[in-house]
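Structure assessment
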Amino acid sequence: MLNIVVVGAQWGDEGKGKVVDLLAQKVGYVVRFQGGNNAGHTLVVGGVKTVLHLIPSGILQANCVNIIGNGVVIDPAVLVREMDALVAAGVTVNPYRLVISTEAHVILPWHKALDLARESAAGEGKIGTTGRGIGPAYEDKVGRRGLRIADLLDRSTLGRHIAMVLPDVNRRLVADFHAAPLDGKACFAELDTLVERLRPHARSTIRLLHDAMRRGDGILFEGAQGTFLDVDHGTYPFVTSSNTVAGGACAGSGVGPTCIDEVIGIAKAYCTRVGSGPFPTELSDAPGERLRAVGHEFGATTGRPRRCGWFDAAMVQTAAMLNGMTGLVLTKLDVLSGMETLRICVGYEGLLDVPTGAVALSAVTPIYEDLPGWSESLTGVSTFEGLPENARRYVERIEALVGVPVVVIGTGAGRDEVIVRGRPFL
Ligand code: GDP
Ligand code: IMO
Ligand code: MG
């Protein structure tokens, strides 16, 4: 059985949840390895929509063990709410099916307060974060003053931690941001009510994963966000605070690079972005509005309208390189039906490479190639040959530009609305 990494190849919301759910039929384990509840992964099964923020997208596959790995930052209240919602929907969520790494870090109430306060103080320069406390939680992790799940489970450590860090946090909230200070007792009480719900699920997950790999059970590493939100390789500083690229799967779950067999990148057949930062192929006119309306491009986490634009092959080719992609999944091809002409960005004027960093990327001029569109609906098309000729040409052009085989094409939101073309999906 293969060990497969699934990552976003653009700016997030490419359809990772749907693809992980689909592939989870073939593996024993799904592991989230970075990010937190800034993610919103949508699964549509039998017409029923489930949005997951922290729980891995293998949870709807009955035989799959789901692990929240050490690289994730966990908001305990959000996790408990998500567990309850799944149970209410009839999904089995027990300590065998959902395992939480004791080494994962906790998003604490002040991380959210600091995230929101900083964003509102930043005005025009804001990053447009999800406001979930992701950045401040990772800052504390790297600053060696974070709280891990193991510490949360120990009441005295939790109490000491709050007593130690809260005075300084409150000074910053009040003096720097004119925000309200937090009450230590209330923070403790809020977290304390959640601890017993998490305890049965919490354990060191390293041995679990390595035993599974030895048995050949197959592990799927589920990325969150996308390559160009990576803290090193993205459009810095308009990025998230973790390594979203495939390399992050190893550190965020405790396996070595030699364990990974395949890296699947997910890209939409066009491009979207939520939050601030450069977006060379962004459309601010009618075609952009159309993509937003037909593609229902509103954030699964914050409900914000997503910025929409043409497919940027220069960026996805760079993502293929950064991730060591072995296959590309192209989602939402159905959304393009009815557009007369489709544009693909094949590079930037005067540049060989996609510039790193926000300033340089804001200054580029995309070079477009125009392709004829198609009018037919793609609903129900299940083979590549069944696609309109211009749709096949569009996919084949992307494949050639990116240099990676398109192994799955999405034709709708449902689990089964796919055209499967290659490994590891076949
Ligand atoms: P993720 O964060 O990468 O998991 O993606 P999101 O769930 O945030 O956003 C992807 C959206 O597109 C969701 O609403 C999915 O249900 C939907 N989706 C995924 N694949 C397809 C597809 O092939 N066609 C259509 N029309 N919708 C899709
Ligand atoms: P999924 O996993 C799209 C964006 C935010 C903001 C930037 C930093 O569903 O693809 P953060 O809260 O992480 O500090 O925000 O990153 N962002 C996402 N955009 N999809 C996501 O996750 C995102 N997670 C964060 O909008 O621009
Ligand atoms: Mg999403």
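Rules of the game
- Residues numbered from 1 in each chain as written.
- Chains lettered and ligands numbered in written order.
- Predicted model: local features only at pLDDT ≥ 70, side-chain atom pairs only at ≥ 80, totals over all residues.
- Heavy atoms only, no water.
- Helix = DSSP H or I, 4+ residues; strand = E, 2+ residues; numbered from the N terminus.
- Rg over C-alpha atoms; globule rule 2.2 N^0.38 Å.
- Buried < 20%, exposed > 50% of the residue type's maximum accessible area, 1.4 Å probe, protein only.
- Contact = heavy atoms within 4.5 Å.
- Areas by Shrake-Rupley, 256 points an atom, 1.4 Å probe, with all protein chains shown as cover.
- Lys, Arg positive; Asp, Glu negative; His and termini not counted.
- Charge placed at Lys NZ, Arg CZ, Asp CG, Glu CD.
- Near = heavy atom within 4 Å.
- Polar contact = N/O pair within 3.5 Å; in protein donor to acceptor, adjacent residues only side chain to side chain.
- Donors = N, O, S within 2.8 Å, 3.2 Å for Na, K, Ca; no water.
- Core = buried A, V, L, I, M, F, W, Y, C linked by side-chain atoms within 4.5 Å.
- Domains from an automatic or database assignment.
- Pairing = 2+ DSSP bridges.
- Axes fitted to C-alpha atoms, helices over the stretch in contact; angles between N-to-C directions.
- Phe/Tyr/Trp six-rings, centres within 6.5 Å; stacked < 30°, edge-to-face > 60°.
- Lys NZ or Arg CZ within 6 Å of the ring centre and 35° of its normal.
- Buried area = accessible area lost by both parts, 1.4 Å probe.

1. What to know about the overall build of the protein chain
- For the protein chain, the helix and strand inventory stands at 13 helices and 19 strands.
- At 21 Å, the protein chain has a C-alpha radius of gyration in line with the 22 Å of a compact globule built from 426 residues.
- Each principal axis of the C-alpha atoms in the protein chain carries an extent, and together these give about 65 × 50 × 40 Å.
- Burial statistics for the protein chain: of 426 residues in total, 58% are counted as buried.
- Summarising the internal contacts of the protein chain: among those between residues at least 6 apart in sequence, 75% fall at separations of at least 24.
- Carbon and sulfur atoms provide 54% of the accessible area of the protein chain, an area that totals close to 16900 Å².
- If the 41 positive side-chain charges of the protein chain are averaged to one point and the 45 negative ones to another, these points end up 5 Å apart.

2. A short note on the site of ligand 1
- Not every one of the 19 residues close to ligand 1 is listed here, only the nearest: Lys-16, Gly-17, Gly-40, Thr-42 and Asp-334.
- Side-chain polar atom of Asp-334 to a nitrogen atom of ligand 1: 2.7 Å apart, as the coordinates give it.
- Here Gly-410 contributes a backbone N or O atom positioned 3.5 Å from an oxygen atom of ligand 1.
- In isolation ligand 1 offers 590 Å² of accessible surface; the protein chains occlude 91% of this area.
- For the shell around ligand 1, the secondary structure elements donating two or more residues are helix H1 (16–23) and strand E3 (41–45).

3. Considering the coordination of the magnesium ion (ligand 3)
- Bound to the magnesium ion (ligand 3) on the protein side are Asp-13 (OD) and Gly-40 (O), at distances that span 2.0 to 2.2 Å. Of this pair, Asp-13 sits in the loop between strand E1 (4–8) and H1 while Gly-40 sits in the loop between strand E2 (29–32) and E3, placing them 27 residues apart in sequence.

4. Focus: the nonpolar core
- Counting 50 residues, the largest nonpolar core has Phe-311, Leu-328, Leu-333, Leu-336, Leu-387 and Tyr-394 as its most contacted members.
- At the level of secondary structure, the elements contributing two or more residues to this core comprise helix H11 (313–323), strand E15 (327–331), strand E16 (341–348), helix H13 (389–402) and strand E18 (406–410).
- Both domains that meet at this core, namely domain 1 (3–102 + 201–259) and domain 3 (266–420), each give it at least three residues.
- Beyond its immediate sequence surroundings of up to four residues, Leu-387 is in contact with Leu-333, Leu-378, Val-381, Arg-392, Ile-409 and Ile-419.
- Formed by 39 residues, the second largest nonpolar core is a distinct cluster that contains Ile-59, Ile-100, Ala-104 and Val-195.

5. So, the sheet that holds E1
- Spatial ordering of the open sheet is given by E9-E7-E5-E2-E10-E1-E11-E15-E18-E19, a layout of 10 strands whose pairing is mixed. Taken across any chain shown, the strands that pair with only one partner, and hence form the sheet edges, are strand E9 (202–203) and strand E19 (418–420).
- Sitting on the sheet, H1 is in contact with E1, E2, strand E10 (219–222), strand E11 (262–268), E15, E18 and E19, with an inclination near 165 degrees to E1.

6. Considering the site of ligand 2
- If you check the shell around ligand 2, you find 20 residues, and the closest are Asp-13, Lys-16, His-41, Thr-130 and Thr-240.
- Here His-41 contributes a side-chain N or O atom positioned 2.7 Å from an oxygen atom of ligand 2.
- Gly-128 is positioned such that a nitrogen or oxygen atom in its backbone is 3.3 Å from an oxygen atom of ligand 2.
- The protein chains hide 97% of the 550 Å² of surface that ligand 2 would expose on its own.

7. What to know about the sheet that holds E16
- Taken in spatial order, the 3 strands line up as E14-E16-E17 in an open sheet, and their pairing is mixed. Edge strands, defined here as strands with exactly one partner in the open sheet, are strand E14 (311–312) and strand E17 (366–372).
- Judged from the 2 bridges that link them, E14 and E16 form a sheet pairing that is parallel. Bridge pairing links Phe-311 to Ile-344 in E16.
- Relative to E16, H11 is tilted by about 55 degrees, and along the sheet it contacts E14 and E16.
- On the sheet, H13 packs against E14, E16 and E17 and is oriented at approximately 5 degrees with respect to E16.

8. Description of the packing of aromatic side chains
- Applying the stated rule across the entire model yields 3 aromatic pairs.
- Taking the centre distance of 6.1 Å and the plane angle of 55 degrees together, the rings of Trp-11 and Phe-228 count as tilted. Here the residue Trp-11 occupies a position in the loop between E1 and H1, and Phe-228 occupies one in the loop between E10 and helix H9 (247–251), the gap between them amounting to 217 residues.
- Residue classification places Trp-11 among the buried positions, given a relative accessible area of 4%.
- When the centroid spacing of 5.2 Å and the interplanar angle of 55 degrees are considered together, the rings of Trp-11 and Phe-279 count as tilted. Of the two residues, Trp-11 sits in the loop between E1 and H1 while Phe-279 sits in the loop between strand E12 (271–273) and helix H10 (286–294), which places them 268 residues apart along the sequence.
- Phe-279 gets classed as buried once you look at its relative accessible area, which sits at 7%.
- Stacked on the ring of Phe-384, the Lys or Arg Arg-421 has its end atom at 3.9 Å from the ring centre.

9. Observations regarding the domain arrangement of the protein chain
- By the assigned domains, the protein chain splits into domain 1 (3–102 + 201–259), domain 2 (105–198) and domain 3 (266–420).
- If you average the C-alpha positions of domain 2 and of domain 3, the two centres end up 37 Å apart.
- In this assembly, 6 residues from domain 2 lie in contact with 5 residues from domain 3.
- Overall, the association of domain 2 and domain 3 removes approximately 380 Å² of surface from exposure, summing both partners, and the carbon and sulfur fraction of that is 40%.
- A per-residue breakdown of the area domain 2 buries against domain 3 is headed by Gly-128, Thr-130 and Arg-132, which together make up 69% of the total.

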